Amino acid sequence: MSPSPDTAAPTVEELEAQERRLVFRRFTNDDAWALGSLLVELARERGAPVAIGIHRAGRQLFHAALPGSTPDNDAWIARKRRVVERYGSASYLVGSRFRAKGTTFEESSRLDADTYAAHGGSFPVTVADVGVIGSVTVSGLPQVEDHRLVVEALERFLGE
């Protein structure tokens, strides 16, 4: 039985298209608060036990830990965020690119798995004509669901 479209993992091409589409004109501290609050609202509607982090230029602008999340989720946020900062792409896309080559991030990146995690849930904050300036990250669900929650919030926030 093949997975339904809602549970199927997105392809590398679909992930790359998301990154091209989900771009900000600007990104302020107030935008981080509004986007983080939207993520909290979406997670609460679903009873999702997640932690949420939004960073810009190495500075944490937003953090929330919803009921059921644990300190491990904060560690996952940091590891996934570092992948976005290093590669300039969504953590799930980075992992998917390695899998598409028949390997894994852990086997082939030569990076410490305690410091970097190419698992779904961290998405670059990209500003048009500037580039990647930060990240928005969710941890607490299976990686595809973490990724989808962030993408859904970005689509709503950006009016997609």
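Above this note sits the structure.
All values reported here derive from a predicted model rather than from experimental measurement. Residue numbers restart at each chain and count upward from 1, following the sequence in its written direction. This being a predicted model, a pLDDT of at least 70 is required before a residue's local features are given, and a value of 80 or more before pairs of side-chain atoms are given or counted; all residues contribute to the totals for chains, interfaces and linings. By convention in this description, side-chain values take in all heavy atoms of the structure and omit both hydrogens and water.

(A) Representation of the overall build of the protein within the structure. Scanning the protein from N- to C-terminus turns up six helices and four strands. Ordered by position in the sequence, the α and β elements of the protein form the string α-α-β-β-α-α-α-β-β-α. Only C-alpha atoms enter the radius of gyration, while the globule expectation follows 2.2 Å times N to the 0.38, with N the number of residues. Here the protein has a C-alpha radius of gyration of 15 Å; the compact-globule value for 160 residues is 15 Å, and the two agree. Viewed in the frame of its principal axes, the protein has a C-alpha envelope of about 40 × 35 × 30 Å. Only DSSP runs of H or I reaching four residues or more are called helices, and only runs of E reaching two or more are called strands; each is numbered from the N terminus.

(B) Fine view of the packing of helix 3 (residues 71-87) against helix 4 (residues 91-100). The axes used here are C-alpha line fits, helices contributing only the stretch in contact, and every angle between their N-to-C directions lies in the interval 0 to 180 degrees. As a packed pair, helix 3 and helix 4 sit with axes 8 Å apart at the nearest point and diverge in direction by 75°. Judged on the interaxial angle alone, helix 4 and helix 3 are roughly perpendicular. Contacts from Lys 80, Val 83, Val 84 and Tyr 87 in helix 3 reach Ser 91, Val 94 and Phe 98 in helix 4. Classification used: nonpolar for Ala, Val, Leu, Ile, Met, Phe, Trp, Tyr, Cys and Pro, charged for Asp, Glu, Lys and Arg, polar for all others including Gly. Taken together, the residues that form the contact of helix 3 with helix 4 break down as five nonpolar, one polar and one charged. Orientation is classified from the angle alone, with under 35 degrees giving roughly parallel, over 145 giving roughly antiparallel, 65 to 115 giving roughly perpendicular, and any other angle giving oblique. What makes two residues a contact is simply this: any of their non-hydrogen atoms within 4.5 Å.

(C) Spotlight on the pattern of salt bridges. Salt bridges are defined by distance alone: a side-chain nitrogen of Lys or Arg within 4 Å of a carboxyl oxygen of Asp or Glu. Applying the stated criterion to the full structure yields seven salt bridges. Its salt-bridge partner being Asp 146, residue Lys 80 comes within 3.0 Å of it at the nearest N-O pair. Of this pair, Lys 80 sits in helix 3 while Asp 146 sits in helix 6 (residues 143-158); the two residues are 66 residues apart in sequence, bridging distant segments of the chain. Across the pair, Asp 146 and Lys 80 agree in class, each one buried. The network of salt bridges with shared partners includes Arg 46, Glu 152 and Arg 156. Exposure categories follow from relative accessible area, calculated using a 1.4 Å probe and restricted to protein chains: below 20% of the type maximum is buried, above 50% is exposed, and the middle band is partly exposed.

(D) Focus on the side chain of Glu 19. If you trace the backbone, Glu 19 turns up in helix 1 (residues 12-21). The buried charged residue Glu 19 lacks any salt bridge partner; its closest oppositely charged side chain belongs to Arg 97, at an N-O distance of 5.3 Å. Counted as positive: Lys and Arg. Counted as negative: Asp and Glu. His and the chain ends are not counted at all.

In short, the description is geometric, and any link to function would need to be established separately.
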